[in-house]
Amino acid sequence: TENIKKGLNAAETVEKIHEQGGIAIAAHPYDHFRPSVKDVVKRVKFDYIEIYNTRAPFIPDIWKAQRVAYQLGLKGVSASDAHSIEEVGYGTVRVKSLNDFSTGKVKIHRADWTPPWIFTYGKFRRLLRKYGLY
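Residues numbered from 1 in each chain as written. Predicted model: local features only at pLDDT ≥ 70, side-chain atom pairs only at ≥ 80, totals over all residues. Heavy atoms only, no water.

**Let's talk about the overall build of the protein**
For step 1, the next point in the chain: Helices and strands together make up the secondary structure of the protein, namely five helices and five strands.
For step 2, the next point in the chain: Across the protein, helices and strands are ordered from the amino to the carboxyl terminus as α-β-β-α-β-β-α-β-α-α.
For step 3, the next point in the chain: Considered along the principal axes of its C-alpha atoms, the protein spans approximately 55 × 35 × 35 Å.
For step 4, the next point in the chain: Here the contacts in the protein between residues at least 6 apart in sequence split such that 52% fall between residues at least 24 apart.
For step 5, the next point in the chain: Accessible surface for the protein amounts to roughly 9,000 Å². Of this, 57% is attributable to carbon and sulfur atoms.
For step 6, the next point in the chain: Within the protein, the 14 negative side-chain charges are centred at a point lying 6 Å from the centre of the 22 positive side-chain charges. (Helix = DSSP H or I, 4+ residues; strand = E, 2+ residues; numbered from the N terminus. Contact = heavy atoms within 4.5 Å. Areas by Shrake-Rupley, 256 points an atom, 1.4 Å probe, with all protein chains shown as cover. Lys, Arg positive; Asp, Glu negative; His and termini not counted. Charge placed at Lys NZ, Arg CZ, Asp CG, Glu CD.)

**Looking at helix H2 (residues 59-72)**
For step 1, the next point in the chain: For H2, built from 14 residues, the straight-helix expectation of 20 Å at 1.5 Å per residue is met to within 8% by its first-to-last C-alpha distance of 20 Å.
For step 2, the next point in the chain: Residues of H2 that are buried include every one of Asp61, Ile62, Ala65, Val68 and Ala69, and no others. Seen along its axis, H2 keeps its buried residues to an arc of 125 degrees; they face one direction. Pointing more than 90 degrees away from the buried face of H2 are the exposed residues Tyr70 and Gln71.
For step 3, the next point in the chain: Elements that come into contact with the buried residues of H2 comprise strand E2 (48-53).
For step 4, the next point in the chain: In the segment just after H2, Gly73 is the residue with positive phi, at about 70 degrees. (Expected span 1.5 Å × (residues − 1). Buried < 20%, exposed > 50% of the residue type's maximum accessible area, 1.4 Å probe, protein only. Arc of directions from axis to C-beta.)

**Section: the nonpolar core**
For step 1, the next point in the chain: Val14, Ala26, Tyr30, Val41, Phe46, Ile49 and Val68 are the most contacted members of the largest nonpolar core, which has 13 residues in total.
For step 2, the next point in the chain: Looking at this core, the elements with two or more residues in it are E2 and H2.
For step 3, the next point in the chain: Broken down by element, this core gets its largest block of residues, three residues, from H2.
For step 4, the next point in the chain: Those residues in contact with Val68 that lie beyond four places of it in its chain are Tyr30, Val41, Lys42 and Ile49. (Core = buried A, V, L, I, M, F, W, Y, C linked by side-chain atoms within 4.5 Å.)

**Focus on helix H1 (residues 10-19)**
Residue pairs three or four apart in sequence face the same way in an α-helix, which turns once every 3.6 residues.
For step 1, the next point in the chain: Capping of H1 at its N-terminal end is provided by Asn9; its side-chain oxygen lies 3.1 Å from the backbone amide nitrogen of Ala11.
For step 2, the next point in the chain: Positioned one or two residues after H1, Gly21 has a phi angle of 80 degrees, which is positive. (Polar contact = N/O pair within 3.5 Å; in protein donor to acceptor, adjacent residues only side chain to side chain.)

**Here's the deal with the sheet that holds strand E1 (residues 25-26)**
For step 1, the next point in the chain: Here three strands make up an open sheet; going across it, the order is E1-E2-E3 and the pairing parallel. Edge positions in the sheet fall to E1 and strand E3 (75-79), since each has one partner strand and no second.
For step 2, the next point in the chain: Pairing of E2 with E3 involves five bridges; the strand directions are parallel. Within E3, the position partnered with Tyr52 by the bridge is Ser78. (Pairing = 2+ DSSP bridges.)

**Brief notes about the packing of aromatic side chains**
To describe a pair of aromatic rings, one takes the distance between the centres and the angle between the planes.
For step 1, the next point in the chain: According to the stated counting rule, one finds one aromatic pair in the structure shown.
For step 2, the next point in the chain: Ring centres of Tyr48 and Phe101 lie 5.7 Å apart, and the angle between their planes is 80 degrees; on these two criteria the pair is classed as edge-to-face. Of this pair, Tyr48 sits in strand E2 while Phe101 sits in helix H3 (residues 99-103), placing them 53 residues apart in sequence. Across this residue pair, the class does not change: Tyr48 and Phe101 are buried. (Phe/Tyr/Trp six-rings, centres within 6.5 Å; stacked < 30°, edge-to-face > 60°.)

Function-wise, these values are silent; they only describe arrangement.
Dropping the structure here:
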């Protein structure tokens, strides 16, 4: 309901999320190519851990997130991590209502690899089509 100020550490951020009734999800926690919380997920009380990110190019990062989720007893989620409209929906969870997040009834619905991101951006795709390459 309120913005959470930047500059807080992970524990403070999760605390602020919970104070507002929100759900804290550790996004791509072991991604080698993007900022991530890594093993902080073991010390901070996240509600969920992203165990499948459709843009994560390095499979062992996903396997590690899955192992850690299992070790911690955390439910896993899948996410598209969409940076363009064409990428939406590659990673989804199924819920009947937002309350399912609070009760742990979230189930992974779809976890497909996003096409290489460069191909999902409209201008680049139009250029490739212009020359018959896509």
